[in-house]
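# Analysis of the macromolecular model
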Amino acid sequence: MAGIEVRPSQRLPPCLLCKDCFLFLCVKKHRPMHRSSRTLHLRDLRARMNFKNLREYLAWLYYQYLLITGIYVLEPWEKSIFNSILFSAIAMVVYTSYVFVPIHVRLALEFFLGIFGGQPESTMALMT
Amino acid sequence: MIQTLESYSCKLSLFSKKYLSNGVKCEHIGKNGYHNHKEKNGQGTGVASRRHKHEPFEQAPMYVAVLTYLGFGIVTLFGYLRDFLRAVGLEKCNIAQEREKQKDFVPLYQDFENFYTRNLYMRVRDNWNRPICSLPGPVFDLMERVSDDYNWTFRFTGKTIHDVINMGSYNYLGFAENNADFLKTVADKVRQYGVGVCSTRQEIGNLSIHEELEQLVANFLGVESAMTYGMGFATNSMNIPALVGKGCLILSDELNHTSLILGARLSGATIRVFKHNNMQSLEKMLKEAVCSGQPRTHRPWKKILIVVEGIYSMEGSVVRLPEVIALKKKYKAYLYLDEAHSIGAVGQTGRGVTELFNVNTADVDVMMGTFTKSFGASGGYIAGKKELVDYLRTHSHSAVYATAMSPPATEQIIRAMKCIMGKDGSTEGMRRIRQLAENAKYFRSRLKEMGFIIYGNDDSPVVPVLLYMPAKVVAFAREMLARKIGVVVVGFPATPITEARARFCVSAAHTRDMLNQVLDCMNEVGDLLCLKFSRRKYSPLPNLCDETDFELDS
C-alpha cells in the first residue's frame, strides 16, 4: 500500500535520537523539544508512567523486551529457551570483546602510529 | 509540482469544457470574451473535496517495521520447532491432521496459512470470538473464560464481566437496542406475518412488507427503485455476476471487501485492481482499457464496471467520489458503489457518501448497501434506475434462489429508516446522526493528539489504530479487556502482515463519558505498551496552508 512520507517540521529539527530509540526515559526527555509553544500543553495530556521503584521499572523493561521480540505469546518453556540462547550469545560476545578487543586496539594503534610516526624517523636516519 | 484537488478535477473535465467553449465561442462570445449566458452553479464539489486533505496513511518509523519482522521471525522459528516436536511425537497434536493413508497425497493442512493458524493464532485466540451474554449495544456482558492448555480448549469460570464498553460492534446509529417502545411495531409485525418466509421472492415469498421496505429504501436514497435481499454478502456476490459477464472489465479497488471480490470472480469478467483511492492509477487503467480493448482480440470491452466502497472498513478511508464520477463520465464506464459502512453513518442526514460529497445520485449507476451496520438488522439492497432493478429482479441469483428477508428484520429496517428520515414524528434520527458525527470527530482528534497512528478520513466512524507488532496486538486486547473495554484487533489474514491494527467503531449510543473512559484507558495502555508511534505534530487548529499530498503512480 503506498504511504505518504511524513515531512519533518520546518520549524524544529527532528531529534535524531528519538527517531531510532524506543527507550522510555529517552522519549520522555526529548518529547518536550518536539512541541512548538502552541502545543506545549499537549504534553500534559500524556499519561505519566510513575515508577515507584527500580524493580517496577525493570519489570516494565522486561515486558517491553517480551513484546518487541514476540516472546510474549510463547509458552514459558519456550521463553526460557529463547532467553537462555540470547543470554549465552550476549555472554559470549561480552567475553570475546573482553579478551580480544584490548589486543586488537593495541595492535591497531601500533600500526597507525608506525605509519605516521615512522616517517620523520626514517628521514632523520637518512640525514645522519 | 503541487496541484490542488480543485484544479485536478478541473483538468479532468477540461476536455468537455474546451469543447463547449469552442462550440459556443464562434457564435456567441464576443472578441473580448464577453458573453451573457447565465452561469449556473453545478453540483458542488468544492466544499467536500477539501476533506480529503486530511486522509493520510502515515508510515511508522523504520524501527517498527524491523521489529515487526523480527517478532514474526522469532515466532515462526518456534513454530517450526513445535511442528518438529509434533511430527516426531514428543508432543501431542491437537489440530486436524491427515490420516495415515492420505500422507502421500497433496497436503491438506501443511501450507503457510495453516502453519500460521496452528502456531500463532492458536496461542493467542482468547482475544477473538469472546462469548457475550447480552445485547451487543454500547455496553455488553462477557462470559469469563480461562484456558488450562494455552488456548487449545476453554472453560467458563461461571462469572460474568458486566458493562464492558463495546468498541467493536458496527452499531453506528445505536439501533441495536432493547427498548420496548421502539420495538413495538416489530412485535406487531411478527404476530401479523410470522417469523420466517421459507420461499424465494420469485415464488411465494414476496410479502407486502417487502414492497413497503423497497419503496422506503428508494425514497431514502433518492433513486427510482430498490431491491432488498436477505443477506448483505450475498447481495454483492450474487448480483455482480448478473450485471457483468465474460467480455466485460471490472476495475476494483485494492482493498475491496471479500464479497465484492467473490462476486467479481464468479462473474467471469476480467478483473484489474487499481491502487487504493488512487485516481491516477484508475485513470491509467481506464485509458488503457479504452484504447487497447480486450487482451488478445482488441475488441472493445462490452462494459467497464468500476467497483468501489463508500467507507473501507479496515482503513476507515472514504472513496473520492466526485473524482471517480468525473472519470466514469469521461471514459463512459459504470460505477458500482458499495455503501455497507457509509449508509446511515455519514452525510448530513445519513444518506451516505453521495450526500457527503453533494453528488447527484443519478450519477452512481448501482448503489448497493447493507442494513447490518447502521440499521441494526441484516440484509442488503441494490438501488438505482427502475430498469436496472427490474432486470435484477429476474436475473439475480439472490432474487431467484435465496430465501426472502424475514418479516421481523424487515420491520426493524423500516422502523430504523423511518426514524432516520424523521417519519416517525420525532427528531431521534437526526439526533443520532449528529451524535455519531460528533463522537467520531472527537474520538479521532483525541487519539491523534495522543500520538497514535490512525488511518482514514476525519468523518468516518471507523477508527483503525495501528499496532504493528504481533505481541503488542495481543497484549493490547488483553489490557483493554482488563480495563473493561472490548476492542477488536485484526491481524494477518485480514490486513497486510506488518500492519496489524485495533479497529474501533464509534457509535451514536456511546456517551461522551464512555468515550472519555476509553480514551483514558487508551492513553494508559499506549504508554504502557509504547504504541504512540506517530511523528506528526498535531494541533487542534485547522491547517491554513493549501498543500496536498498526491501519490504518483510508480
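As a starting point, this report considers the structure included with it. As the structure is a prediction and not an experimental result, all values here were calculated from the model.

For the rest of this paragraph, the subject is a nonpolar patch on the surface. Among the surface-exposed residues, Trp77, Ile81 and Ile85 of chain A together with Leu81 of chain B lie close enough to one another that they form a single nonpolar patch of about 330 Å² accessible area. Broken down by element, the nonpolar patch gets its largest block of residues, 3 residues, from helix α4 (residues 76-127) of chain A. Inspection of the secondary structure assignment puts isoleucine 81 of chain A in helix α4.

Right, let's talk about the packing of aromatic side chains for a bit. Taken as a whole and assessed by the stated rule, the structure comprises 15 aromatic pairs over all chains. Between tyrosine 57 of chain A and tryptophan 60 of chain A the ring centres are 6.3 Å apart and the planes differ by 20°, which places this aromatic pair in the stacked class. With tyrosine 57 of chain A and tryptophan 60 of chain A both in helix α3 (residues 54-69) and 3 residues apart, the pair spans about one turn of that helix. Here the two residues tyrosine 57 of chain A and tryptophan 60 of chain A agree in accessibility, since each one is buried. Between tyrosine 63 of chain A and tyrosine 72 of chain A, the ring centres sit 6.0 Å apart and the planes meet at 70°, which makes this aromatic pair edge-to-face. Take tyrosine 63 of chain A: its relative accessible area is 16%, and that puts it in the buried class. Using a relative accessible area of 16% as the deciding quantity, one classes tyrosine 72 of chain A as buried. What links up through ring pairs into an aromatic cluster is the set Phe220, Phe371, Phe375 and Tyr381 of chain B. The ring of phenylalanine 175 of chain B carries arginine 432 of chain B above its face, with NZ or CZ at 4.7 Å from the centroid. For the cation-ring pair, arginine 512 of chain B lies above tyrosine 442 of chain B, with the distance from its terminal atom to the ring centre recorded as 3.8 Å.

Evaluation of the coordinates by the stated rule reveals 35 salt bridges over all chains. A salt bridge links glutamate 177 of chain B to arginine 415 of chain B, with the shortest nitrogen-to-oxygen separation between them at 3.3 Å. One end of the pair, glutamate 177 of chain B, is in the loop between β2 (155-166) and α6 (184-193); the other, arginine 415 of chain B, is in helix α15 (residues 407-421), and 238 residues separate them in sequence. Take arginine 415 of chain B: its relative accessible area is 9%, and that puts it in the buried class. Linked through salt bridges whose partners overlap, the residues forming this network are Glu75 and Glu78 of chain A together with Arg82, Asp83, Arg86, Glu91, Arg118 and Arg123 of chain B.

It is worth spelling out empty space enclosed by the protein at this point. Evaluation of the coordinates by the stated rule reveals 3 cavities of 30 Å³ or more. What the largest cavity holds in volume is close to 80 Å³. Taken together, Glu75 of chain A together with Arg82, Arg86, Arg118, Asn119, Met122, Arg123, Tyr150 and Trp152 of chain B make up the lining of the largest cavity. For the lining of the largest cavity, the secondary structure elements donating two or more residues are α4 (62-88) and α5 (112-124) of chain B. No other element matches the 4 residues that α5 of chain B contributes to the lining of the largest cavity. Looking at the lining of the largest cavity, its residues break down into 3 nonpolar, 1 polar and 5 charged.

Criteria and cut-off values
- Residues numbered from 1 in each chain as written.
- Chains lettered and ligands numbered in written order.
- Predicted model: local features only at pLDDT ≥ 70, side-chain atom pairs only at ≥ 80, totals over all residues.
- Heavy atoms only, no water.
- Patch = residues over 30% accessible without salt bridge, like charges linked within 9 Å, V, L, I, M, F, W, Y side chains within 5 Å.
- Areas by Shrake-Rupley, 256 points an atom, 1.4 Å probe, with all protein chains shown as cover.
- Salt bridge = Lys/Arg side-chain N within 4 Å of Asp/Glu carboxyl O.
- Helix = DSSP H or I, 4+ residues; strand = E, 2+ residues; numbered from the N terminus.
- Phe/Tyr/Trp six-rings, centres within 6.5 Å; stacked < 30°, edge-to-face > 60°.
- Buried < 20%, exposed > 50% of the residue type's maximum accessible area, 1.4 Å probe, protein only.
- Lys NZ or Arg CZ within 6 Å of the ring centre and 35° of its normal.
- 1 Å grid on protein atoms, 1.4 Å probe; cavity = no way out; pocket = protein on both sides within 12 Å on 5 of 7 lines; lining within 4 Å.
- Points joined across faces, edges and corners; volume = space filled by probe spheres on them.
- Nonpolar A, V, L, I, M, F, W, Y, C, P; charged D, E, K, R; others polar.

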